[in-house]
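# Residue-level structure breakdown
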Amino acid sequence: MNLTVVKNATCTFCGCVCDDIELHADGERITETKGACILGQAWFKNHTAERLYPDALIDGREATVDEAVEAAAEFLHAADMPLVYGLSNVTCEAQRQAVYLAELIGGVIDSHTSL
Ligand code: SF4
């Protein structure tokens, strides 16, 4: 089995964009992530190009995107203090829309990096 080493890889997970990470891969998976924090390690080692989930879930059950959007709107409308949370690995445009949504519903916004 060949070991591939990539020096100065860039992690795009949280937005800090660390660009000094060394990755080791065995042909199928990334096996080592030198210099990445615990979030970066998890991202590099556990994300694949495989399609593991359906487009949308409601309470763990497969749903269409339209059904999920409707359910999300109902949850947010009923919430006392809605939280818009996550936002890793999303585009600037999606983050802009998340901020707009948080303002619209009188909620708060946070990213996973506050962990
Ligand atoms: S998740 Fe960690 S390694 Fe990746 S960019 Fe953020 S701080 Fe850097």
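Sequence order as written defines the numbering, with residues in each chain counted from 1. pLDDT decides what is reported in this predicted model: residues at 70 or higher carry local features, side-chain atom pairs at 80 or more are listed and counted, and totals for whole chains, interfaces and linings draw on all residues regardless.

### As for the overall build of the chain
Counting secondary structure elements, the chain contains three helices and seven strands. Taking 13 Å as the expected radius of gyration for a compact globule of 115 residues, we find that the chain reaches 18 Å, considerably beyond that expectation. Whether a residue is buried, exposed or partly exposed is read from the other C-beta atoms within 10 Å of its own C-beta, which are placed from the backbone; 20 or more gives buried, 12 or fewer gives exposed, and intermediate counts give partly exposed. Here the chain holds 115 residues, and 7% of them are scored as buried. By the convention adopted here, residues make contact when the C-beta atoms placed from their backbones lie within 7 Å. Sequence-distant contacts, at least 24 apart, represent 31% of the contacts inside the chain between residues at least 6 apart. Per the convention used, a helix needs a DSSP run of H or I reaching at least four residues, while a strand needs a run of E reaching at least two, with both numbered from the N terminus. Only the C-alpha atoms count toward the radius of gyration. The rule for a globule is 2.2 Å times the residue count to the power 0.38.

### Focus: the sheet that holds strand β1 (residues 4–9)
DSSP-based pairing: two strands are paired if at least 2 bridges between them are found. Reading across the sheet, the three strands line up as β1-β2-β3 and stay open at both edges, with antiparallel pairing between neighbours. Strand pairing shows two members of the sheet lacking a second neighbour, β1 and β3 (30–34), which therefore form its edges. Averaged over all pairs of adjacent strands, the angle between strand axes in this sheet comes to 20°, irrespective of strand direction. When β1 meets strand β2 (residues 21–25), the two strands line up antiparallel, connected through four bridges. The partner of Val 6 across the bridge, within β2, is Leu 23. Here helix α1 (residues 38–46) sits on the sheet and contacts β2 and β3; the angle it forms with β3, its principal contact strand, is near 160°. Only the contacting stretch of a helix is used when fitting its axis, a line to C-alpha atoms as for every element, and angles between N-to-C directions run 0 to 180 degrees.

### What about the pairing of strand β7 (residues 108–111)?
Looking at chain direction, strand β6 (residues 83–86) and β7 are connected through four bridges and run parallel. Following the sheet pairing, Val 84 is matched in β7 by Ile 109. The β-α-β motif built from β6, the intervening helix α3 (residues 92–104) and the parallel element β7 has right-handed crossover chirality. A right-handed crossover is one whose linking path, passing over the helix from the first strand to the second, runs clockwise when the strands point away from the viewer.

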